[in-house]
Amino acid sequence: MGVLSRGERSRPTVKTGKARLQEAGLDVNDELLEGIIRNLVVLQVHAATLDQFDAKSHHWMMEGRYG
Amino acid sequence: MAELHRQSAVDIANAVRAGRVQAVEICASALAHIERIGSPDSGFIKIFRERALLRAEAVDKIVQAGLDPGRLAGVPFGVADHFDVALQPTTAGSRLSAEGPFAHRDAKAIMLLEAAGAVLVGRQNMDEFTYGFVTVNAHYGTTPNPHDKDRLAGGACGGSAVAVANETVPISLASDINGSIRIPAALCGVIGLAPTYGDFPNEGTQSLVESLDVVGPVARQIDDVVLVRDVLRDGAPERSAVPRGPLRFGRLKGWFDQNVEDPMRAAMKPVWEEFGRVSLDLKHVDLARAAASLIIAAEGANLHRASLVHDPGIYGATTRDRLLAGLLMPADDYLQAIRFQTWIRTRAQQLFEHCDVFITPAAPGFAPLIEDPFIEFDGVRTPARSHLGIYTQPISLMGLPSIVLPLAHSGPLPLGVQLIAAPGGEQTLFEAASLLFKNGIASVPGVPESQ
């Protein structure tokens, strides 16, 4: 089993986005999906930025960054 | 003589309390000014004419009876559209609640200001549910910048800053999750305070993200900000004292030196010469901004889930897309953001061991054009709606109070400087702000004559 970092996750597409919205209980028209996916990608980028923070130990993986 | 309502809150209240002018005159003058400019350009989208005049009459009767109506006697004010007003639907820049339900009572902050004699005249435009930095509202229109009608006012609570910049009212109340008070204050050339979380009551405001949202004032005079804060805190003891001796200023570099546009860089030069001798290259600010964005997306989406399921079409397209994306965020991402927030808040307090106040630009540059609502971010053309708050967002996540002041030498349009203190350090911010005004570094610009 491999676990990807947040930055390595695959990007959502219209197809996967629609499926995930349906899993969440929302049936969204196809024409709305493009904007939603664009915003979801932005959130993924933010999540990837937070990969630098190790939540388990609250220890910084990039030691020395804090001046 | 300038119209009465254009004066500061302190001056209006003094005049009303002394019986030199009637609250009804002030109120009528403010209402006429708002109507002359019209909606949404005035910043107001709903006017409570009858309520305001009745309230002003009551203030005058108290004065006539030889009693004191309070420290804000006769001062007209507005609130952002997400504050409850008794017997009105709280629309929050949306159509979702336009037909009701109706608020049982005023928001606590309105009650406190009116108990001190102030007069609520109306509610002000904002981005839908405060989700944005532009005040481009799909339902109530775009409130433009009073200094250049082709440019954005900033947001989310742009109407509140515009109304104060226009001099229709001396003070507005708004709220700030990420910069919703500070960004429009910077772009419209007024003062905006985002206090420490919990400093003011936020009961009765329809907040998108309750864990970050703070109620705060917008004003043209620092004395008015101090007075409003005093009234809103209702006698609560201060959490920290102003440091003894001269204030120690510091410049935050790193993230706050990046993406600064040339006019802002030039306007900040005298600030750095006077107050920037000590500087700190603050790390992890990119993570703070990322965490703030994730928390807002997740909490906002969760709050609106039922309404999104019921009728997603009732939302403006931009808000709807952002909220629906938030619904798809993994819980792990949200929790990571929360854990980071806890960590950085502890670290942020250590910043103040060597400085009392840190200074940064409030926004990257001048207000962007309404027709071209983008800014450069790391070399990429990026929507202003989501990026104007790059210097305010991380400060909110760190739990630090901050105040934005207009820079005196900004050029053709307003630019703002952000002062940041330790939690509970509002009085320190006020002392620092007064110093910047006294030194001529900060100054509130007038708006064009047509206003």
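All values derive from a computational prediction rather than experimental measurement.

S.K.: How should the overall build of chain A be read in this particular structure?
M.R.: Per the secondary structure count, chain A includes two helices and two strands. Each helix (α) and strand (β) of chain A, taken in turn from the N terminus, gives the series α-α-β-β. Taking all contacts inside chain A whose residues are at least 6 apart in sequence as the whole, residues at least 24 apart take part in 46%. Total accessible area on chain A stands at roughly 4,300 Å², and carbon and sulfur atoms take up 54% of it.

S.K.: Looking at this model, I keep getting lost on the nonpolar core. Mind explaining?
M.R.: Among soluble globular proteins, nonpolar side chains are generally buried collectively. Residue and element names in this part refer to chain B. With 156 residues, the main nonpolar core has Leu72, Phe340 and Leu419 as its most contacted residues. When residues of this core are assigned to domains, at least three map to each of domain 1 (4–233) and domain 2 (249–438). With residues near it in sequence (within four places) discarded, Leu419 still touches Val357, Phe358, Ile359, Pro401, Ser402, Ile403, Leu405, Leu429, Ala432, Ala433 and Leu436. Of all hydrophobic cores here, the second largest spans ten residues; its members include Val134, Leu152, Ala367 and Ala384.

S.K.: Just to check I follow, could you spell out the UniProt feature "domain: Amidase" (unreviewed entry) in chain B for this structure?
M.R.: In the numbering used here, UniProt assigns the "domain: Amidase" (unreviewed entry) feature to residues 28–429 of chain B. The span residues 28–429 of chain B shows a helical share of 36% and a strand share of 18%, and its end C-alpha atoms are spaced 34 Å apart.

S.K.: When you look at the interface of chain B and chain A in this model, what are you seeing that I'm missing?
M.R.: The accessible area lost on association of the parts is a frequent measure of interface size. Tallying the contact residues gives 33 residues for chain B and 28 residues for chain A. Overall, the association of chain B and chain A removes approximately 3,000 Å² of surface from exposure, summing both partners, and the carbon and sulfur fraction of that is 66%. Put simply, chain B and chain A have one salt bridge between them. Asp333 of chain B is the partner of Arg9 of chain A in a salt bridge, and the nearest nitrogen-oxygen pair spans 2.8 Å. Taken together, the links from chain B to chain A amount to six residue pairs in polar contact (both at pLDDT 80 or more). It is helix α9 (residues 285–310) of chain B that contributes the most residues to the side of chain B that touches chain A, eleven residues altogether. Its residues assigned to classes, the side of chain B that touches chain A shows 18 nonpolar, four polar and eleven charged.

S.K.: I would appreciate a short explanation of the packing of helix α2 (residues 23–37) of chain B against helix α3 (residues 49–64) of chain B in the present structure.
M.R.: Relative orientation and spacing of two packed helices are given, respectively, by the angle between their axes and the distance between those axes. Residue and element names in this part refer to chain B. Taken N-terminus to C-terminus, the directions of α2 and α3 make an angle of 160°; their axes are 7 Å apart at the nearest point. On the basis of the axis angle, α2 is roughly antiparallel to α3. Between α2 and α3 lies a crossing of right-handed hand. Contacts between α2 and α3 involve Ala23, Val24, Cys27, Ala28, Leu31 and Glu35 from the first element and Arg49, Ala52, Leu53, Ala56, Glu57, Val59 and Asp60 from the second.

S.K.: Can you help me understand helix α4 (residues 108–115) of chain B in this one?
M.R.: Ala109, Ile110, Leu112, Leu113 and Glu114 of chain B are the residues of α4 of chain B that are buried. Looking one or two places after α4 of chain B, you find Gly117 of chain B, whose phi comes out positive at around 100°.

S.K.: When you look at the sheet that holds strand β3 (residues 119–124) of chain B in this model, what are you seeing that I'm missing?
M.R.: Strands belonging to one sheet form pairs held by backbone hydrogen bonds; the direction of such a pair is parallel or antiparallel. All names here are of chain B. Read across the sheet, eleven strands follow the order β1-β3-β2-β8-β10-β9-β16-β17-β13-β11-β12 without closing on themselves; strand pairing throughout is mixed. The sheet is open, and its two edges are formed by β1 (44–47) and β12 (279–280), each paired on a single side. Here strand β11 (residues 249–252) pairs with β12 via two bridges, running parallel. Residue Arg251 lies in a different strand from β12, and its bridge partner there is Ser279.

S.K.: Where do I start with helix α11 (residues 331–350) of chain B in this structure?
M.R.: Relative to the 28 Å expected for 20 residues at 1.5 Å per residue, α11 of chain B spans 30 Å between its end C-alpha atoms, a close match to the ideal helical length. Turning to α11 of chain B, its buried residues number three or more, namely Asp333, Gln336, Ala337, Phe340, Gln341, Trp343, Ile344 and Ala348 of chain B.

S.K.: I tried to follow the domain arrangement of chain B on my own but got confused; where do I start?
M.R.: Residues and elements named next belong to chain B. Each domain of chain B was delimited in the assignment, giving domain 1 (4–233) and domain 2 (249–438). Every contact between the two is made by 50 residues of domain 1 and, on the other side, 60 residues of domain 2. Regarding the contact of domain 1 and domain 2, the summed buried area is about 4,300 Å², with carbon and sulfur atoms giving 65% of it. Three residues, Tyr131, Arg151 and Arg182, lead the burial of domain 1 against domain 2; their summed loss comes to 17% of the area buried on that side. Scanning the region where domain 1 abuts domain 2 turns up two salt bridges. With its nearest N and O atoms 3.7 Å apart, the salt bridge here joins Arg229 to Glu426. Applying the counting rule to domain 1 against domain 2 returns 19 residue pairs in polar contact (both at pLDDT 80 or more). Breaking the side of domain 1 that touches domain 2 down by element, the ones donating at least two residues are β6 (144–145), β7 (148–152), α6 (182–188), β9 (191–194) and α7 (222–233).

Thresholds, definitions, all that
Residues numbered from 1 in each chain as written. Chains lettered and ligands numbered in written order. Predicted model: local features only at pLDDT ≥ 70, side-chain atom pairs only at ≥ 80, totals over all residues. Heavy atoms only, no water. Helix = DSSP H or I, 4+ residues; strand = E, 2+ residues; numbered from the N terminus. Contact = heavy atoms within 4.5 Å. Areas by Shrake-Rupley, 256 points an atom, 1.4 Å probe, with all protein chains shown as cover. Core = buried A, V, L, I, M, F, W, Y, C linked by side-chain atoms within 4.5 Å. Buried < 20%, exposed > 50% of the residue type's maximum accessible area, 1.4 Å probe, protein only. Domains from an automatic or database assignment. UniProt positions renumbered as here; feature names shortened; annotations may be inferred. Buried area = accessible area lost by both parts, 1.4 Å probe. Salt bridge = Lys/Arg side-chain N within 4 Å of Asp/Glu carboxyl O. Polar contact = N/O pair within 3.5 Å; in protein donor to acceptor, adjacent residues only side chain to side chain. Nonpolar A, V, L, I, M, F, W, Y, C, P; charged D, E, K, R; others polar. Axes fitted to C-alpha atoms, helices over the stretch in contact; angles between N-to-C directions. Parallel < 35°, antiparallel > 145°, perpendicular 65-115°, else oblique. Left-handed = near helix turned anticlockwise from the far one by under 90°. Pairing = 2+ DSSP bridges. Expected span 1.5 Å × (residues − 1).

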